[in-house]
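Here is how the chains run, residue by residue.
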Amino acid sequence: MKYLLALFGFFFLVVTGYIAFIVWKIRKRMRDIREAMEGSMKDETFRRNQQQQHTRRTTHTADGVTIIDDRNPDEANKKIFEKNEGEYVDYVEN
């Protein structure tokens, strides 16, 4: 009886170890996939930022002059007036 119980215990440990190994492999594979996806997302974000920084805006005037703006979009779209400038105010005569 002891022999049978010891044999059962041994197989239980072997099966438990095998299941733990499978779980470990699955978690490792999922971690690798997640890291690869995060890396590709960072690369895509970097590429988009690079493309935005090198956006070229071209304008043609009626006189035939071509204006090329190589500034990044954040710089080109920045407002140059203060918030309180350009607002309507009532004229008061002194």
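Attention here is on the structure that accompanies the text. Every chain begins its residue count from 1, and numbering advances along the sequence as written. Residue-level local features of this predicted model are given only where pLDDT is at least 70; pairs of side-chain atoms are given and counted only at 80 or more, and the full residue set underlies all totals for whole chains, interfaces and linings. The side-chain numbers reported here are obtained from all heavy atoms of the structure, hydrogens and water having been left aside.

Some remarks on the pattern of salt bridges
Move 1: Within this document, salt bridges are pairs made up of a side-chain nitrogen of Lys or Arg and a carboxyl oxygen of Asp or Glu, the two lying within 4 Å of each other. Throughout the structure, instances matching the rule amount to 1 salt bridge.
Move 2: Where Asp-32 meets Lys-28, a salt bridge forms, and the shortest distance between an N and an O atom there is 3.6 Å. Within this pair, Asp-32 and its partner Lys-28 are both found in helix H1 (residues 2-53), separated by 4 residues, close to a single helical turn.
Move 3: Classification of Lys-28 by relative accessible area gives partly exposed; the value is 31%. Comment: elements are numbered from the N terminus, with helices defined as DSSP H or I runs of at least four residues and strands as E runs of at least two. Here's how the labels work: a residue is buried when its accessible area is under 20% of the maximum for its type, exposed when over 50%, partly exposed in between, all with a 1.4 Å probe on protein chains only.

Points about a nonpolar patch on the surface
Move 1: Patch membership needs two things, relative accessible area over 30% and no salt bridge, and members are linked within 9 Å if like-charged or within 5 Å if nonpolar (Val, Leu, Ile, Met, Phe, Trp, Tyr). Using the Shrake-Rupley algorithm and a 1.4 Å probe, accessible areas are obtained, with residue cover drawn only from the displayed protein chains. Where nonpolar side chains cluster on the molecular surface, the patch consists of Met-1, Tyr-3, Leu-4, Leu-7, Phe-10, Phe-11 and Val-14 and spans about 850 Å² of accessible area.
Move 2: Note on placement: Val-14 falls in helix H1.
Move 3: For Val-14, a relative accessible area of 44% corresponds to the partly exposed category.

A closer look at the pairing of strand E2 (residues 66-69)
Move 1: The pairing of strand E1 (residues 57-60) with E2 spans 4 bridges and is classified as antiparallel. Opposite Thr-59, over in E2, you have Ile-67 as the bridge partner.
Move 2: Counting the residues in the hairpin turn of E1 and E2 gives 5 residues, including Gly-64, whose phi is positive at 95°. Paired strands, in this sense, are two strands between which DSSP finds at least two bridges.

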